[in-house]
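# Structural features, examined
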Amino acid sequence: ELPIAAVFLPGRPCAEEGGGATGLGWATIAATVANSTANLIASEDTHSLQGLLLNVVQGDGRMAAARICNKSGTVICQTREEEKDSMILDLATPLAQTVAKEVSRPDGTSLLEVSTPLFKYGEPWGTFQFELSRAHLAGEIEATVERSLLMGLMLLVAGTLAAAGDMYVHGLFAALATA
């Protein structure tokens, strides 16, 4: 049994957007998995790579699918059985950096597809690619906005109550001073 290499907590869907919020975004997930695969790639341990891939997808909960391809674009690990030993032509040339793009499945599902390069001894070796549901991401963004608005409203009410209390106390002291 492969131990869990990383636990991905729910958080901000896109770490690159906005400041001040915490959580792991897709760029962080891509970088973490790329770093976690280095020793497994060097030892050509595809069984453990497959286990890592499954742990990442099950642990994140937002991913629709994930795959690891070698530098010729051949899928060597995947979460969808129908992709086993297939070739993804877009990944036949190793990437220089992490890339994200919106894609649509034949059933009309909109996905964010994230691809990041993998290296073996510092040389391009292949690609880690995963898909995130755009509907799920939109739901997370909406929930974050709702939490922010609720927090702002609570702070506004607390400030109003504090100001009213301060006015009451000052009025009380003023009445006592004149009495």
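Below you will find a few notes about this structure. (Residues numbered from 1 in each chain as written. Predicted model: local features only at pLDDT ≥ 70, side-chain atom pairs only at ≥ 80, totals over all residues. Heavy atoms only, no water.)

Attention now moves to the overall build of the protein chain. Assigned secondary structure in the protein chain consists of three helices and five strands. The linear arrangement of helices and strands in the protein chain, starting from the amino end, is α-α-β-β-β-β-β-α. The buried share of the protein chain, reckoned over its 179 residues, is 34%. Here the contacts in the protein chain between residues at least 6 apart in sequence split such that 45% fall between residues at least 24 apart. Of the roughly 10700 Å² that the protein chain leaves accessible, carbon and sulfur atoms contribute 61%. (Helix = DSSP H or I, 4+ residues; strand = E, 2+ residues; numbered from the N terminus. Buried < 20%, exposed > 50% of the residue type's maximum accessible area, 1.4 Å probe, protein only. Contact = heavy atoms within 4.5 Å. Areas by Shrake-Rupley, 256 points an atom, 1.4 Å probe, with all protein chains shown as cover.)

Turning to its location among the elements, C77 is positioned in strand β2 (residues 75-78). Judged by relative accessible area, C77 falls into the buried class, the value being 0%. C77 sits 51 residues away from F128 along the chain, and the two C-alpha atoms are 9.4 Å apart. If we ignore the near neighbours within four places in the chain, the residues touching C77 are T46, L49, Q50, L53, A66, R67 and I68.

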